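So you can see what is in the structure, the chains are spelled out below.
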Amino acid sequence: MTEANQKEQSFLHRMEKWIGGIVDWSNAEKCVLASALTLSIATPFMAWLYFRLQHPDTAPYLDHSFLAKVLPFLIPVYVGGWLTMLLVSLWARRRAPDSQLLVHAIIQFYFVTITYSVYVFGMYTTNQILMVVGGFCVGCLLFEKGPMRGGLASLVVMYAGATFAEQAGLIPYAPFMAQEPYAGGRLELSWLASYGALSTWTLALVISLVYLIFYRWREREKQLAIATDQLSRANELISRYVAAQVSERILSGDYEAVNKHNRLKLTVFFSDIKNFTATTDRMEAEDLSEILNEYLTEMTFIADKHGGTIDKFVGDAIMIFFGAPEATSDRDHALRAVRMAIEMQERMEVLRQEWHRRGVLFPFHVRMGINTGHASIGNFGSEGRMDYTAIGRQVNLAARLEVNCEADKVLISHATWALVNEDIPCMPKGEVTAKGIRDPVKVYEVAPA
């Protein structure tokens, strides 16, 4: 990058930071700035008109008779009106800093006064329309689109009304002008030094604002592309540590769904690998890690396919629940949980065959337990680290069913059986006494597909 480009970038960054700071101002502070800027233009403009009225020979192109009639009213309206707007805005800084009424008043007053000024000098035959464009650009940078739309609507109505009235002969066109401000191929110096300078300043302002807006837009596009890429990577990383349903709620801004505790009826699934500790003693750590990760990957894919919320992995154990943060019906939750378990067991048969061909002598045999009941669901943990999980007696029962299940089988509680037995064949397995559960629990084994 050349030194000139570096200087331009530095200047534009300073301008962007300054304008960005103004954008964060309160409505009243923005109105103070707008009033002060307009007053700084209106005051010398009125002074120039007054001087030309007192010295008509310096501006023969003006209609001095019409000017003498309206100028005593214009000075109080323009200078007094904007001075009043400035004082009211200063007062509102402490009393009503976010007043929308003040914003609407400032914008409407600007467009009414500027439309009159442009028309009386000839809006179709002079470049005074730049005053409108300049004010509109500044207004769009400072204020919200609602008030600006209202001002633009007033502008269109006044322009259209003035044009129709002029064409109908009801009002004169450019009443301030008695003739063109040039003669003999030469522009009047007084016009060039007054309105010419004002138009040039306005044109420079408009070009600067448009350039700065496009510069900020390009910079924002670059920053947005970088932020989007970072967010995509963060989302991918988060999804590895947080359940897909939970991460989707967080990324969509639905924090309330995962940041509060609820008492909901869930279907909870537990699984683990039978005799996993003994298996680890018979395998090399590298081989064990490889097939364990493969096993968990396959089980995760099936869980996501059936819409389960993966709570956690604890070594070889998996906890999944249905019914939060997204819920349908108790029956649907139970059916999806049991069908997920059946598909997992079917997939395990295929994986054991693949592992056997790869030389694994002690392939995994998984047992699974499923229960349906009410549980507390939400964020649990410390202030620095939280887990979105389910706790309660019914969750513990699902874990106990998994412990009492035979390898390669799925054991479900009576509550789950009552919801799925019409669609999924199950075999009664009597009752089991689960640790921490007072009464024996009636259980069923899901029949192989």
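Here the structure is shown first, and the text comes after it.
Please read all numbers here as calculations on a predicted model, not as lab measurements.

### Some thoughts on the overall build of the protein
Part 1 of the argument: Counting its secondary structure elements, the protein contains 13 helices and ten strands.
Part 2 of the argument: Sequence-distant contacts in the protein: of pairs separated by 6 or more residues, those separated by 24 or more amount to 73%.
Part 3 of the argument: A total accessible area of about 24,700 Å² is found for the protein, and carbon and sulfur atoms account for 59% of it.

### So, helix 6 (residues 145–167)
Part 1 of the argument: An ideal rise of 1.5 Å per residue puts 33 Å on 23 residues; helix 6 measures up with 33 Å between its terminal C-alpha atoms.
Part 2 of the argument: Buried residues of helix 6: Pro147, Met148, Gly151, Ser154, Leu155, Tyr159, Ala162, Thr163 and Ala165, and no others.
Part 3 of the argument: Its buried side turned inward, helix 6 meets helix 4 (100–120) and helix 5 (129–142).
Part 4 of the argument: Just downstream of helix 6 lies Gly169, where phi reads positive at about 80°.

### Observations concerning the pattern of salt bridges
Part 1 of the argument: Scanning the model with the defined rule gives 14 salt bridges in all.
Part 2 of the argument: One salt bridge in this structure joins Glu29 and Arg93, with 3.9 Å as the shortest N-O distance. With a gap of 64 residues between them, Glu29 in helix 2 (residues 27–54) and Arg93 in helix 3 (residues 64–95) connect regions that are remote in the sequence.
Part 3 of the argument: Classification of Arg93 as partly exposed rests on a relative accessible area of 44%.
Part 4 of the argument: Salt bridges here are not isolated pairs; linked through shared partners, they connect Asp272, Arg367 and Glu402.

### Remarks on the nonpolar core
Part 1 of the argument: The biggest cluster of nonpolar side chains holds 50 residues, and the ones touching the most others in it are Leu49 and Phe121.
Part 2 of the argument: A per-element tally of this core places helix 4 first, with eleven residues.
Part 3 of the argument: In this structure, Ile291, Ala303, Ala334 and Ile424 belong to the second largest nonpolar core, which totals 40 residues.

### Comments concerning the pairing of strand 8 (residues 410–413)
Part 1 of the argument: By the alternation rule, side chains of strand 8 split into Val410 and Ile412 and Leu411 and Ser413, which are all buried.
Part 2 of the argument: Bridge analysis of strand 6 (residues 366–381) against strand 8 gives three bridges, and the strand direction is parallel. For Gly369, the partnering residue across the bridge sits in strand 8 and is Leu411.
Part 3 of the argument: As judged from the three bridges shared by strand 8 and strand 10 (residues 441–446), these two strands associate in the antiparallel manner.

### Examining the packing of aromatic side chains
Within a pair of aromatic rings, the relevant descriptors are the distance that separates the centres and the angle that separates the planes.
Part 1 of the argument: Within this structure, the stated rule accounts for 17 aromatic pairs.
Part 2 of the argument: With a centroid separation of 6.5 Å and 20° between ring planes, the pair formed by Phe45 and Trp48 is classed as stacked. Separated by three residues within a single helix, Phe45 and Trp48 lie in helix 2, roughly one turn from each other.
Part 3 of the argument: Given a relative accessible area of 12%, Phe45 falls into the buried group.
Part 4 of the argument: Under the relative-accessibility criterion, Trp48 is labelled buried at 11%.
Part 5 of the argument: A centroid spacing of 6.0 Å and a plane angle of 65° characterise the contact between Phe276 and Phe364, whose relative ring orientation is edge-to-face. Of this pair, Phe276 sits in helix 9 (residues 276–282) while Phe364 sits in the loop between helix 11 (330–357) and strand 6, and the two are 88 residues apart along the sequence.

### Let's talk about the environment of Thr280
Part 1 of the argument: Tracing the chain through its elements places Thr280 in helix 9.
Part 2 of the argument: Along the primary structure Thr280 and Phe362 are separated by 82 residues, whereas in three dimensions their C-alpha atoms are 9.4 Å apart.

### Section: the packing of helix 2 against helix 3
Part 1 of the argument: Packing of helix 2 against helix 3 brings their axes to within 9 Å, and their N-to-C directions diverge by 160°. Taken as axis vectors, helix 2 and helix 3 run roughly antiparallel relative to one another. Both helix 2 and helix 3 take part in a crossing whose hand is left-handed.
Part 2 of the argument: Each residue belonging to the contact of helix 2 with helix 3 can be placed in one class, and the counts come to 23 nonpolar, five polar and three charged.

### Focus: the pairing of strand 6
Part 1 of the argument: With respect to burial, strand 6 is a largely interior element, twelve of its 16 residues being buried.
Part 2 of the argument: Of the strand pairs in this sheet, strand 3 (residues 262–273) and strand 6 are connected by twelve bridges, and their pairing is antiparallel. Its bridge partner being in strand 6, Leu264 is matched across the sheet by Ala375.
Part 3 of the argument: In terms of strand pairing, strand 6 meets strand 7 (residues 386–391) through six bridges, oriented antiparallel. The residue of strand 7 that forms the bridge with Ser376 is Ile391.
Part 4 of the argument: Where strand 6 folds back on strand 7, the antiparallel hairpin that results is connected by four residues.

Criteria and cut-off values
- Residues numbered from 1 in each chain as written.
- Predicted model: local features only at pLDDT ≥ 70, side-chain atom pairs only at ≥ 80, totals over all residues.
- Heavy atoms only, no water.
- Helix = DSSP H or I, 4+ residues; strand = E, 2+ residues; numbered from the N terminus.
- Contact = heavy atoms within 4.5 Å.
- Areas by Shrake-Rupley, 256 points an atom, 1.4 Å probe, with all protein chains shown as cover.
- Expected span 1.5 Å × (residues − 1).
- Buried < 20%, exposed > 50% of the residue type's maximum accessible area, 1.4 Å probe, protein only.
- Salt bridge = Lys/Arg side-chain N within 4 Å of Asp/Glu carboxyl O.
- Core = buried A, V, L, I, M, F, W, Y, C linked by side-chain atoms within 4.5 Å.
- Pairing = 2+ DSSP bridges.
- Phe/Tyr/Trp six-rings, centres within 6.5 Å; stacked < 30°, edge-to-face > 60°.
- Axes fitted to C-alpha atoms, helices over the stretch in contact; angles between N-to-C directions.
- Parallel < 35°, antiparallel > 145°, perpendicular 65-115°, else oblique.
- Left-handed = near helix turned anticlockwise from the far one by under 90°.
- Nonpolar A, V, L, I, M, F, W, Y, C, P; charged D, E, K, R; others polar.

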